[in-house]
Structure formats: C-alpha cells, structure tokens
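So the chains spell out like this:
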Amino acid sequence: MTTILRKGFRGTIAGYRPGSSAYRRSLLSMGLTPGEEIHVTGIAPLGDPIEIELRGYNLSLRKAEAEILIFRDNPKGGEL
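Throughout what follows, the structure given in this document is the object of discussion. Note that this is a predicted model, so its numbers are computed, not measured.

## Comments concerning the environment of glutamate 36
Phase 1: Tracing the chain through its elements places glutamate 36 in the loop between α1 (21-29) and β2 (37-43).
Phase 2: The spatial distance from the C-alpha of glutamate 36 to the C-alpha of phenylalanine 71 is 9.7 Å, given a sequence separation of 35 residues.
Phase 3: Sequence-distant contacts of glutamate 36, that is, excluding residues within four places in its chain, are made with Gly11, Thr12, Ile13, Gly31, Leu54 and Arg55.
Phase 4: At 3.1 Å, the side chain of glutamate 36 and the side chain of arginine 55 are in polar contact.

In structure tokens, the structure reads:
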C-alpha cells in the first residue's frame, strides 16, 4: 500500500488514515470510496492541489485531503 502520489500514478483506494471524520465524509461524498480506481492526472507546481481522475470525471484535492487516503498500486497501471 502506498500514499505517495505522483503524476501518472494509478491505484485503488484501500481506505483512510485515522483523523477527522468531517474530512472522511467529504471525501466519501466526492466519490472517493474504498475500491475506487484513480489516476493522478496533474500536480500543481508547488504540489497543491492534486488533480485525479475517477468515475469519469476530474477532481482537484488539497494535498492534506489526498494524504488521508491510502492507496494500493494498480498492477496494470503505473507511470504513463
């Protein structure tokens, strides 16, 4: 499992780190549910925000929000 996000990363959401339940509810409402596959399509020059693609749409997350997520590498994914 990994939490390191880089452009081109493909993975599956494995869960959430302990922390604020408000953040967790917010992430769930945006479709960031365990088992969902994501693709990091961009990272701002200073590293915040991070743009990901999931469920057919693009979503920008603050770095602090993205760090709550725990990912499992997608074996057929990887760098583009």
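Read on, since the account is not over.
## A closer look at the sheet that holds strand β1 (residues 10-16)
Phase 1: In space, the five strands of this open sheet follow the order β4-β3-β2-β1-β5, with antiparallel pairing throughout. Two strands lie at the open edges of the sheet, namely β4 (57-61) and β5 (69-73), each paired on one side alone. Across the sheet, the mean angle separating the axes of adjacent strands is 45 degrees when strand polarity is ignored.
Phase 2: Bridging between strand β3 (residues 50-54) and β4 involves five bridges; their strand directions are antiparallel. If you follow glutamate 51 over to β4, its bridge partner there is serine 60.

## Topic: the environment of asparagine 58
Phase 1: Locating asparagine 58 in the fold gives a position in strand β4.
Phase 2: Note on asparagine 58: relative accessible area 46%, which makes it partly exposed.
Phase 3: As for asparagine 58 and threonine 41, which are separated by 17 residues in sequence, their C-alpha atoms are 8.3 Å apart.
Phase 4: Residue contacts for asparagine 58: discarding those within four places in its chain leaves Thr41, Glu51, Ile52 and Glu53.

## Considering the pairing of β3
Phase 1: Of the two faces of β3, only one is covered, namely that formed by Ile50, Ile52 and Leu54; the face formed by Glu51 and Glu53 stays uncovered.
Phase 2: With four bridges joining them, β2 and β3 adopt antiparallel strand pairing. Paired with glycine 42 across the strands is glutamate 51, a residue of β3.
Phase 3: Counting the residues in the hairpin turn of β2 and β3 gives six residues, including glycine 47, whose phi is positive at 90 degrees.
Phase 4: Count of turn residues in the β3/β4 antiparallel hairpin: two residues, of which arginine 55 carries a positive phi of about 50 degrees.

## Notes on the pattern of salt bridges
Phase 1: Applying the stated criterion across every chain, the model contains one salt bridge.
Phase 2: The partner of glutamate 36 in a salt bridge is arginine 55, and the shortest N-O contact between them spans 3.1 Å. A residue pair is termed long-range when its members are at least 10 positions apart, and glutamate 36 in the loop between α1 and β2 and arginine 55 in the loop between β3 and β4 qualify at 19 residues.
Phase 3: Its relative accessible area of 17% is what places glutamate 36 among the buried residues.

Calculation criteria
- Residues numbered from 1 in each chain as written.
- Predicted model: local features only at pLDDT ≥ 70, side-chain atom pairs only at ≥ 80, totals over all residues.
- Heavy atoms only, no water.
- Helix = DSSP H or I, 4+ residues; strand = E, 2+ residues; numbered from the N terminus.
- Contact = heavy atoms within 4.5 Å.
- Polar contact = N/O pair within 3.5 Å; in protein donor to acceptor, adjacent residues only side chain to side chain.
- Pairing = 2+ DSSP bridges.
- Axes fitted to C-alpha atoms, helices over the stretch in contact; angles between N-to-C directions.
- Buried < 20%, exposed > 50% of the residue type's maximum accessible area, 1.4 Å probe, protein only.
- Salt bridge = Lys/Arg side-chain N within 4 Å of Asp/Glu carboxyl O.

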